[in-house]
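Chain and residue survey
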Amino acid sequence: YFEGDDSHTETHSNIYTWEDWEGTIWTVVDKDEGGVWSSTATGSNGDTRITSNSWNDSTQTNTYTEVFVSASTGVNSTVVEATSPSSVTKTYTGASVSLGPNPLHELYTNLNVVETLDQYWNTTNIAGTGDNSDGVTVTFSYANYELLVDGEPVKADFGFDDMFSEDQGGSESEWTDE
């Protein structure tokens, strides 16, 4: 009925709730409004995640945007991902404890970082700045397949002791069969 009528926008929506592994109840509103898909998830813990996705047929570019606000950690970040047939660009802004899958191990604010990936989703460059937890502006870069902060690799701390390191001390035990 409304085909060809530009004064009408077709809208589809879905509302549901789910509980995550930490017991947070999420209320999610998914919408497709005029070809732009969006999802707003609001947690019982006060966190909010808003995502949207749109396609530009003339440039063959998909644009995905994610905004995440944590009520407890200070994270308030936006990621805009533009995907074309030959490359991907991700722009990180706001305050975050990670850049994509890369943990930063502290909250960085005033982020303005661009990650460039090739058509196979391999990172080719990261460039930008942000303020660390001491309020010092640092530079983010990329070399030798590593995210660097002021030229130093981000350390991966998995939160467990290295039982094989020399400074762990030793223990002995003896087994006897009876």
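Conventions and cut-offs
- Residues numbered from 1 in each chain as written.
- Predicted model: local features only at pLDDT ≥ 70, side-chain atom pairs only at ≥ 80, totals over all residues.
- Heavy atoms only, no water.
- Core = buried A, V, L, I, M, F, W, Y, C linked by side-chain atoms within 4.5 Å.
- Buried < 20%, exposed > 50% of the residue type's maximum accessible area, 1.4 Å probe, protein only.
- Helix = DSSP H or I, 4+ residues; strand = E, 2+ residues; numbered from the N terminus.
- Contact = heavy atoms within 4.5 Å.
- Pairing = 2+ DSSP bridges.
- Polar contact = N/O pair within 3.5 Å; in protein donor to acceptor, adjacent residues only side chain to side chain.
- Salt bridge = Lys/Arg side-chain N within 4 Å of Asp/Glu carboxyl O.
- Phe/Tyr/Trp six-rings, centres within 6.5 Å; stacked < 30°, edge-to-face > 60°.

**Overview of the nonpolar core**
Val79, Tyr92, Leu99, Leu104, Tyr108, Leu111, Val113, Ile126, Val138, Phe140, Leu147 and Val149 together form the largest nonpolar core, which totals 12 residues. Of all elements in the fold, only β7 (87-99), β8 (102-118), β10 (137-143) and β11 (146-149) reach the threshold of two or more residues within this core. Counting residues per element, this core draws most heavily on β8, at 4 residues. In this view, Val149 contacts Tyr108, Val138, Thr139, Phe140 and Val154; residues no more than four positions away in its chain are not counted.

**Regarding the sheet that holds β8**
Spatially, the 12 strands line up as an open sheet ordered β1-β2-β3-β4-β5-β6-β7-β8-β9-β10-β11-β12, and their pairing is antiparallel. Looking along the sheet, the strands with just one partner apiece sit at the ends: β1 (11-19) and β12 (152-153). For strand β6 (residues 76-83) and β7, the ladder comprises 8 bridges, and the chain directions are antiparallel. Its bridge partner being in β7, Val80 is matched across the sheet by Thr91.

**Considerations on the side chain of Asn132**
Relative to the assigned elements, Asn132 resides in the loop between β9 (123-131) and β10. For Asn132, the side chain forms a polar contact with the main-chain nitrogen of Asp134, separated by 2.9 Å. Not counting residues within four places of it along the chain, the set of residues in contact with Asn132 comprises Glu106, Leu107, Tyr108 and Val138.

**Focus on the pattern of salt bridges**
With the rule as written, the count across this model stands at 3 salt bridges. Taking the shortest distance from any N to any O, the salt bridge between Lys31 and Glu33 comes out at 3.9 Å. In this structure Lys31 comes out as partly exposed when scored by relative accessible area, which is 33%. Owing to a relative accessible area of 40%, Glu33 belongs among the partly exposed residues under this scheme. One salt bridge connects Glu81 with Lys90, and the closest N-O pair in it is separated by 3.8 Å. A relative accessible area of 15% means that Glu81 is categorised as buried. Since its relative accessible area comes to 15%, Lys90 is described here as buried.

**Focus on the packing of aromatic side chains**
This structure, assessed with the given rule, holds 2 aromatic pairs. Note on Trp18 and Trp26: the rings are 6.4 Å apart at their centroids and 20° apart in plane angle, and the pair reads as stacked. When its relative accessible area of 9% is taken as the criterion, Trp26 is described as buried. Ring centres of Tyr108 and Phe140 lie 5.4 Å apart, and the angle between their planes is 65°; this geometry places the pair in the edge-to-face category. Of the two residues, Tyr108 sits in strand β8 while Phe140 sits in strand β10, which places them 32 residues apart along the sequence. Neither residue differs from the other here; Tyr108 and Phe140 are each classed as buried.

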